[in-house]
Amino acid sequence: MQANTEWYRIFMHTAKLGNLTKAAQDLHITQPSVSYAIKQLEAQLEVKLFDRLSKGVKLTPEGAAVLEYAEKSFTILQQGEAKLQALKQMSAGELKIGASGPVIKHLLLPLLDSFQAEYPAVRIRLLQGKTSDIRQRLKAGIIDIGFVHLPFSDPELSVQHVTDIQECFVVGTAYQHLSSQTITVEQLAETPLLLLSEGSSTRMFVDQWFLSQGMKVEADMELSSMDMLVELAIRGYGAAFVTKTFIQEQLNEEKLFALKPSENVPIRSIGLAFKRETSLSIAAKRFVELLF
């Protein structure tokens, strides 16, 4: 059973004022319009809402019961409109993002700092994970947007290119002598390799690069954190495969040294992914605008 929302609004004003004429004046409509709305509502609900008195109207017990729930309903609607206004004005809401640790640290944090400074009332929810995790969370609706390594393809998701990255092998002072000249892929493979865990897009990429040179390698140390790979390389445990721009400070300080393989490591890209045919939240749209 559905009744016109306007009928309920007129009913509530009439109940509050106890008079059809006063309700009409308060609503800036005619008195017959008030009478018509109440009659229509009574007919729809199949119950008498008011007793007609000589100087006005009085709620019946049934009318009082309807009024209680009508007032609650309109209060909820008003709260919903207020919430919507807060979301539109960015004084409320959430921004849900997924990305890998290095992307968060080196790409997202400066943007998140700017976003938070401009919209401090928006709650930021940040989930760390590899590209496969980001894919699952996007499709499940757990996050609004995710940063993934390209190439990336999924019929349920759209992807926009964000930036290019160059990866490289780096070593600490223990293996610094390897950085003084070009080394073959065979020599690199003989060096202890510090790689990200299997299943990550970066690990699959470097494994495929070695395979393209006719070599299958195993990691001497396999970790889920690029920061840990960097730390182990600095301490002399071998050659770590990392994103060059993410370790530029250590290169400048000569804590790390980039190796020069005879075969170049191809440039890769990072993309922004989001669910197809699903509108982004206002907060997510604002963040994307800031990103591009």
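Not measured: the values here are computed from a predicted model.

Definitions and limits used
- Residues numbered from 1 in each chain as written.
- Predicted model: local features only at pLDDT ≥ 70, side-chain atom pairs only at ≥ 80, totals over all residues.
- Heavy atoms only, no water.
- Pairing = 2+ DSSP bridges.
- Helix = DSSP H or I, 4+ residues; strand = E, 2+ residues; numbered from the N terminus.
- Axes fitted to C-alpha atoms, helices over the stretch in contact; angles between N-to-C directions.
- Contact = heavy atoms within 4.5 Å.
- Buried < 20%, exposed > 50% of the residue type's maximum accessible area, 1.4 Å probe, protein only.
- Expected span 1.5 Å × (residues − 1).
- Parallel < 35°, antiparallel > 145°, perpendicular 65-115°, else oblique.
- Nonpolar A, V, L, I, M, F, W, Y, C, P; charged D, E, K, R; others polar.
- Polar contact = N/O pair within 3.5 Å; in protein donor to acceptor, adjacent residues only side chain to side chain.

### Re the sheet that holds strand β6 (residues 157-165)
Step number 1: Spatial strand order, β4-β3-β5-β14-β6: five strands in an open sheet with mixed pairing. Looking along the sheet, the strands with just one partner apiece sit at the ends: β4 (123-128) and β6. Between one strand axis and the next, the sheet turns by 25° as a mean value, whatever way the strands run.
Step number 2: Summarising the sheet, strand β3 (residues 94-99) and strand β5 (residues 145-150) pair through two bridges and their orientation is parallel. Residue pairing for β5: Ile97 is matched across the bridge by Ile145.

### What about the sheet that holds strand β12 (residues 257-258)?
Step number 1: The five strands lie next to each other as β10-β9-β11-β7-β12, forming an open sheet whose pairing is mixed. Bordering the open sheet on either side are β10 (221-223) and β12, each of which pairs with just one other strand.
Step number 2: By the bridge criterion, two bridges tie strand β7 (residues 167-171) to β12 in an arrangement that is antiparallel. Residue pairing in the sheet places Val171 in a bridge with Phe257 of β12.
Step number 3: Contacts from helix α9 (residues 226-234) reach β7, β9 (193-196), β10 and β11 (239-243) within the one sheet, and its direction differs from that of β11 by about 140°.

### Structural notes on unusual backbone geometry
Step number 1: Between Leu150 and the following residue, Pro151, the backbone shows a cis peptide bond with an omega angle of 5°.
Step number 2: On the secondary structure map, Pro151 appears in the loop between β5 and β6.
Step number 3: Phi is positive for Glu46, close to 60°, though the residue is something other than glycine.
Step number 4: Inspection of the secondary structure puts Glu46 in the loop between α3 (31-45) and β1 (50-53).
Step number 5: The backbone of Glu254 shows a phi angle near 60°, a positive value even though the residue is not glycine.
Step number 6: The topology assignment puts Glu254 in the loop between α10 (248-252) and β12.
Step number 7: Accessibility expressed as a relative area gives 54% for Glu254, which makes it exposed.

### Quick look at the pairing of strand β2 (residues 56-59)
Step number 1: As paired strands, β1 and β2 are joined by four bridges and run antiparallel to one another. Directly across from Arg52, in β2, lies its bridge partner Val57.
Step number 2: The loop that links β1 with its antiparallel partner β2 comprises two residues.

### Some details on helix α8 (residues 201-212)
Step number 1: For α8, spanning twelve residues, the distance from its first C-alpha to its last is 16 Å, which sits close to the expected 16 Å at 1.5 Å a residue.
Step number 2: Looking only at α8, the buried set comprises Ser201, Thr202, Arg203, Phe205, Val206, Trp209 and Phe210.
Step number 3: Following α8 by one or two positions, Gly214 adopts a phi angle in the positive range, close to 80°.

### Concerning the packing of helix α2 (residues 20-27) against α3
Step number 1: Between α2 and α3, whose axes approach to 8 Å, the crossing angle comes to 110°. In terms of orientation, α2 and α3 fall into the roughly perpendicular class. Judged by residue contacts, Leu20, Thr21, Ala23 and Ala24 of α2 engage Gln31, Val34, Ser35 and Ile38 from α3.
Step number 2: Taken together, the residues of the contact of α2 with α3 break down into five nonpolar, three polar and no charged.

### As for the environment of Arg203
Step number 1: As for its placement among the helices and strands, Arg203 is situated in helix α8.
Step number 2: Of the residues examined, Arg203 reaches a relative accessible area of 3% and is grouped as buried.
Step number 3: Once you skip the residues sitting within four places of it in the chain, Arg203 turns out to touch Leu195, Leu196, Ser197, Glu198, Ala219 and Glu222.
Step number 4: Within polar-contact distance, the side chain of Arg203 engages the side chain of Glu222 at 2.6 Å.

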